[in-house]
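Listed below are the residues making up each chain.
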Amino acid sequence: SDSWKRDFTAIGAAAGVAVAFSAPVGGVLFVIEEAATHWSQPLSWAAIVAAAVAALVGGTLSSFAHGHFNVELSYTGAFDGPGSEQGFHIIDVPFYALIGIAGGLLGGLLVKLQKPITLFRFKSISTPLRRLAEAVAIAILTASLRLAISGLAGSCQPISDSLAEAIPENISHFRASFTCPEGEYNNVAAIFFQPIEVTVRTVLHTSSPREFSPWLLFGGVVFFFLMTTITYGIGVPSGVFVPSFVIGSLLGRLVGVLVHIAWPGHDAFHIETFAFAGAVAGLAGITRMTMSVAMIAIETTSNGHAFTVALLVAIIAKFTGDALAVGIYDLHIQLKGVPYLEERIERADAYYSLKVRDVMSTGVVAVYAKMRIRNLVAILKSHSHGSFPVVRRHSHNPDRTCSGTTMKYRGDCNLSREASHRSAHTEELADNKSTAGLSCATETPPGIIDFNTHSLKGMIGRRMLLALLSHYDELPEQGFLPRKYYDSAWPNTRLLRSEQEI
């Protein structure tokens, strides 16, 4: 049933977040806050069990993959490290708030830039081949830039103790030695060239504030911000969680380095806490989630005593971003025309006296069971309705009129209930737009479309009508409809492949 489909979608989302970030509680909160509009007690138990089992199985398989067959049940997060042991101090709360504001501003700016990019993709990169070519081009561009920046701007430095402690032994071979001799690493490659999960660990858990310069951290924020803006929405699975984590952790560490430079006598200073706050701010500023973001960050870094700071930063980042634009998920829901049921109705009392006629169009445009294709094209060009009634002819009523190139449904043409009992003749729309009021002609010329052959009853949607017309050869001389006339169809019909599958 549809309700089971919705529930299993929410359950799968909880399990996916749980296993991806080693965050079972965060997965359940993510579903409550973002993925599920309606919630129930059975769904709660199902999501909790699914998240717990997924996290346990994922952790077990990960341990096996790294050669640890005696699996410990003391569960650790995906990005845990020595930096998670540092405490948070109230004297740093203003700096955490500043990081939250900066994360919200970055999130709002990313959404602002994403909108024209996504609209361009809908218009110009709509075929599978073009989407594949775009994904390949972006992959090549990303790899080339990461290699070029690391090689041209980086320099070899000795591997410090703080950097060595930040990266566990099982991924030490990913350390960005680049072209440096043994015992040294490329400082720029440590940010730009490593796998992204290793970059997160490096930024979060390197304890020395002098390990990375402010300019290097600023360049990392700009690079990953721009690449995330371009990459999100391409034709391959590319999430926003980990990129947001990277952007935010770099931003938080940058603020921490500047605080250390301006206030060298800060006794309780820990750069790792600033990076953690930045990771939360980046994720909350882009996704606009609060409670689930805080818990996911805590679980994935095994930083159990950071909930207060994480929730504070997430709330500040969310409301700062909301002042600029909607969240990234809401943006794509709106642009794709996905029907979304809001959690509440504003002024519900106003709908008690609402009648159907108050929300329906008074000038309903109808089509006949058989019509000339050029007249159907004219209707689609001149009207943006999402669906059209299919009417049948009443031979005893000669007073029906045609207005321009469209027939106005005035109540004297009944909706068809059975497509197989329509007239064999077509009721032709008037060709001359200036002949409004003339009686509809009846012809059977070539180049007509017969809805009877498609077993259509009652109403035909704009999407279905466009798909049917695309298979007819007898189109007007000016060709088929430009793609701008598809935009008013609902559901969204920008992808030609979807139209051809109908």
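Right above here is the structure, for reference.
On a predicted model such as this, the values are computed, not experimentally measured, just so you know.

Trainee: Whenever I open this one, the pattern of salt bridges confuses me. Can you help?
Mentor: Side chains that carry opposite charge are capable of pairing whenever their charged atoms lie near each other. For the structure on display, the rule yields three salt bridges. A cluster of three or more residues bridged by salt bridges with shared partners is formed by Arg 288, Lys 318 and Asp 322.

Trainee: Before we go on, may I ask you to explain the packing of helix α4 (residues 93-124) against helix α14 (residues 328-335) in this structure?
Mentor: Each pair of packed helices can be summarised by the angle the axes make with each other and by the distance between the axes. Contact geometry of α4 with α14 gives a least axis separation of 10 Å together with a crossing angle of 30°. The orientation of α4 with respect to α14, classified from their angle, is roughly parallel. Relative to α14, the crossing made by α4 is right-handed. The segment α4 lies against α14, with Leu 110, Val 111, Gln 114, Lys 115, Thr 118, Leu 119 and Phe 122 engaging Ile 328, Leu 331, His 332 and Leu 335. Counted by class, the contact of α4 with α14 contains seven nonpolar, three polar and one charged residues.

Trainee: Looking at this model, I keep getting lost on the environment of Ala 190. Mind explaining?
Mentor: Here Ala 190 lies in helix α7 (residues 189-192). Put simply, Ala 190 and Thr 202 are 12 residues apart on the chain and 7.6 Å apart in space, counted from C-alpha to C-alpha. Excluding residues that lie within four positions of it along the chain, Ala 190 makes contacts with Ala 176, Tyr 185, Thr 199 and Phe 212.

Trainee: Explain α4 here, please?
Mentor: The terminal C-alpha atoms of α4 lie 46 Å apart, and with 32 residues this matches the ideal 46 Å at 1.5 Å per residue to within 8%. The largest bend in α4 is about 25°, located at Gln 114, with the proline Pro 116 one to four residues further on.

Trainee: Honestly, the packing of α4 against helix α11 (residues 271-287) in this entry has me stumped. Any pointers?
Mentor: Across the interface, α4 lies against α11 with an axial gap of 7 Å and an inter-helix angle of 35°. Considering only the axes of α4 and α11, their crossing is right-handed. Taken together, the residues of α11 that come into contact with α4 (itself represented by Phe 95, Tyr 96, Ile 99, Gly 100, Gly 103, Gly 104, Gly 107, Gly 108 and Leu 110) are Thr 273, Phe 274, Ala 277, Gly 278, Ala 281, Gly 285 and Ile 286. Among the residues forming the contact of α4 with α11, the class breakdown is eight nonpolar, eight polar and no charged.

Trainee: Help me understand the state of the cysteines, please; the structure alone is not making it clear to me.
Mentor: Linking two cysteines covalently through their sulfur atoms gives a disulfide. Scanning the model with the defined rule gives one disulfide in all. Sulfur-sulfur distance for the disulfide between Cys 156 and Cys 180 comes to 2.1 Å. As the torsion about the S-S bond is roughly -95°, the Cys 156-Cys 180 disulfide counts as left-handed. With Cys 156 in strand β1 (residues 156-158) and Cys 180 in the loop between α6 (161-166) and β2 (184-186), this residue pair connects regions lying 24 residues apart in the sequence.

Trainee: Can you walk me through the packing of aromatic side chains in this structure?
Mentor: Any pair of aromatic rings gets described here by the distance separating the centres and the angle formed by the planes. Taken as a whole, this structure holds 12 aromatic pairs when the rule is applied. Ring-pair connections join several aromatic residues into one group, and the members of that group are Phe 88, Phe 95, Tyr 96, Trp 263, Phe 269, Phe 274 and Phe 276. The aromatic ring of Phe 319 is capped on one face by Lys 318, whose charged end is 5.8 Å from the ring centroid.

Trainee: Would you mind showing me how to read unusual backbone geometry here?
Mentor: Trans is the prevailing form of peptide bonds, just as negative phi is the prevailing case for residues other than glycine. Of note in the backbone geometry, Arg 288 takes a positive phi value of approximately 65° without being a glycine. As for its placement among the helices and strands, Arg 288 is situated in the loop between α11 and α12 (291-301). Positive phi is not limited to glycine here, since Ser 302 has a value of about 55°. Positionally, Ser 302 belongs in the loop between α12 and α13 (307-322).

Trainee: Would you mind going over the pairing of strand β5 (residues 387-391) with me for this structure?
Mentor: On any regular strand, side chains alternate: one points to one face of the sheet, the next to the other face. Across the five residues of β5, four count as buried, placing the element largely inside the fold. As judged from the two bridges shared by strand β3 (residues 365-368) and β5, these two strands associate in the parallel manner. In the sheet register, Tyr 368 faces β5, and the bridge partner there is Val 391.

Trainee: Sorry, what's going on with the nonpolar core here?
Mentor: The nonpolar side chains of a soluble globular protein tend to be buried with one another. Ranked by size, the top nonpolar core spans 85 residues in total, and within it Ile 191, Phe 241, Phe 245, Leu 250, Phe 276, Val 280 and Ile 328 carry the most contacts. When residues of this core are assigned to their parent elements, the largest contribution, 11 residues, is made by α11. The residues touching Phe 241, leaving out its near neighbours within four places in the chain, are Phe 21, Phe 30, Leu 283, Met 289, Ile 296 and Tyr 329.

Trainee: Can you walk me through α14 in this structure?
Mentor: Along an α-helix, a turn takes 3.6 residues, which lines up residues three or four apart on a common side. Looking only at α14, the buried set comprises Ile 328, Tyr 329, Leu 331, His 332 and Leu 335. Around the axis of α14, the buried residues are gathered within 160° of arc, so they sit on the same side. At its buried positions, α14 is contacted by α2 (24-35), α4, α10 (241-262) and α11. Once α14 ends, the next one or two residues include Gly 337, with phi positive near 70°.

Trainee: Mind showing me how you'd approach the side chain of Asp 92 here?
Mentor: As for its placement among the helices and strands, Asp 92 is situated in the loop between α3 (41-65) and α4. Arg 253 is the oppositely charged side chain nearest to the buried, salt-bridge-free Asp 92, at an N-O distance of 14 Å. Sequence-distant contacts of Asp 92, that is, excluding residues within four places in its chain, are made with His 266, Ala 268 and Phe 274.

What counts as what
- Residues numbered from 1 in each chain as written.
- Predicted model: local features only at pLDDT ≥ 70, side-chain atom pairs only at ≥ 80, totals over all residues.
- Heavy atoms only, no water.
- Salt bridge = Lys/Arg side-chain N within 4 Å of Asp/Glu carboxyl O.
- Axes fitted to C-alpha atoms, helices over the stretch in contact; angles between N-to-C directions.
- Helix = DSSP H or I, 4+ residues; strand = E, 2+ residues; numbered from the N terminus.
- Parallel < 35°, antiparallel > 145°, perpendicular 65-115°, else oblique.
- Left-handed = near helix turned anticlockwise from the far one by under 90°.
- Contact = heavy atoms within 4.5 Å.
- Nonpolar A, V, L, I, M, F, W, Y, C, P; charged D, E, K, R; others polar.
- Expected span 1.5 Å × (residues − 1).
- Bend = angle between axes of the 7 residues up to and from the residue.
- Disulfide = S-S within 2.5 Å.
- Phe/Tyr/Trp six-rings, centres within 6.5 Å; stacked < 30°, edge-to-face > 60°.
- Lys NZ or Arg CZ within 6 Å of the ring centre and 35° of its normal.
- Buried < 20%, exposed > 50% of the residue type's maximum accessible area, 1.4 Å probe, protein only.
- Pairing = 2+ DSSP bridges.
- Core = buried A, V, L, I, M, F, W, Y, C linked by side-chain atoms within 4.5 Å.
- Arc of directions from axis to C-beta.
- Lys, Arg positive; Asp, Glu negative; His and termini not counted.

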